[in-house]
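Below, each chain spelled out in residue letters.
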Amino acid sequence: MISICIGIYNWDCTKLIFDLSEAAEHLDVPCEIILIDDASEESYQVLNRKAAAAPHVVYQENATNQGRAAIRNQLAAAAQYPYLIFMDCDTSLPNPDFLQNYLHCLPADVIVGGTIYRQEPPEKDKLLRWHYGKQREEIPAEIRNQNPNSAFSTCNFLISKKILNDIHFDESLTGYGHEDTLLGLQLEEKGIIIQHINNPLIHNVSVNNDHYLRQLDNACKNLLLISSRIKNTRNFINSSRLLQAKEKLEKCHLTKAYRFFYRCFSPILLSNLKSAHPSMLFLDLYKLNSILCHAQNQKPMK
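Report follows, based on the coordinates. (Residues numbered from 1 in each chain as written. Predicted model: local features only at pLDDT ≥ 70, side-chain atom pairs only at ≥ 80, totals over all residues. Heavy atoms only, no water.)

### Focus: helix α8 (residues 179–189)
- If you check which residues of α8 are buried, you get Glu179, Asp180, Leu182, Leu183, Gly184, Leu185 and Leu187.
- Considering only its buried residues, α8 is in contact with α3 (68–78), β6 (110–112), α7 (161–167), α9 (209–229) and α10 (233–238).
- Positioned one or two residues after α8, Gly191 has a phi angle of 80°, which is positive. (Buried < 20%, exposed > 50% of the residue type's maximum accessible area, 1.4 Å probe, protein only. Helix = DSSP H or I, 4+ residues; strand = E, 2+ residues; numbered from the N terminus. Contact = heavy atoms within 4.5 Å.)

This is the structure we're talking about:
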């Protein structure tokens, strides 16, 4: 009845797979765990092939990297059951009732379980992503349900296969960022309201600060691409604080002034973002500069 779909890229997820396989043994409904390795390095493939022998597991490897959106469409196409649970490979189960908690909510269209982060901080050069997760992504379902479709995240969610067959992930969005934003908007346009529950996965974040800043730059580029394509641009802008800030600066003809301000203070700002106590306000200022640069087809400052 449920297909657990996990795209793997350069991550050892053997413990996650064995934990899921054990949890699936206690379900009263059919369950499969579909793993597709998206052309990871050989060292990770050697590790994850061990999980292929676990009960309920179906494993395959792509010869070339397909990307975040395409791999999810590939997983959905391979699934045989009517409900799909998508999980990021760099996650862990906080408790053995994870699958059962989703089953208790069926039938349903789309359910998001949420994300939590470990209390112990990672190494200093990976703190920025961890702080962002702790402060911006650890959100209880009660708050997420206040604006359900804009709070959509693909890290941990259940969706009807019928619905995903109708919509699909947009494979034109390459790299990191906002494929979940677009899918949430598409669901809303079809009158499908996302349900949020407290059934989180632990996100085992392991991204160094410089790499995460590059990911955010790509996310800003994707956000602009989405806003240029969708029909209801106004609703989309209203759902994004970043796009709202960009629009206000443009309307007040303050874009050049902001870019000058950012150039003056970028050394201080970037030093803080790579420190032990990064400011989320500074991160917002970084993203605002990035999206303004992409809007003007310029490379963001580092």
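### Quick look at the sheet that holds strand β5 (residues 91–92)
- In spatial order, the strands read β5-β10-β7; together these three strands make up an open sheet with mixed pairing. Edge strands, defined here as strands with exactly one partner in the open sheet, are β5 and β7 (115–116).
- As defined by bridge partners, β7 adjoins strand β10 (residues 201–203) across two bridges and the pair is classed as parallel. Paired with Ile116 across the strands is Ile202, a residue of β10. (Pairing = 2+ DSSP bridges.)

### Considerations on the pairing of strand β4 (residues 83–87)
- Most of β4 sits out of view: five of its five residues are buried.
- Side-chain alternation along β4 places Tyr83, Ile85 and Met87 on one buried face and Leu84 and Phe86 on a second face that is also buried.
- By the bridge criterion, four bridges tie strand β1 (residues 2–8) to β4 in an arrangement that is parallel. Paired with Ser3 across the two strands is Leu84, which belongs to β4.
- Pairing analysis gives five bridges linking β4 to strand β8 (residues 156–160), with the strands arranged antiparallel. Across the sheet, the residue bridging to Tyr83 is Ser160, located in β8.

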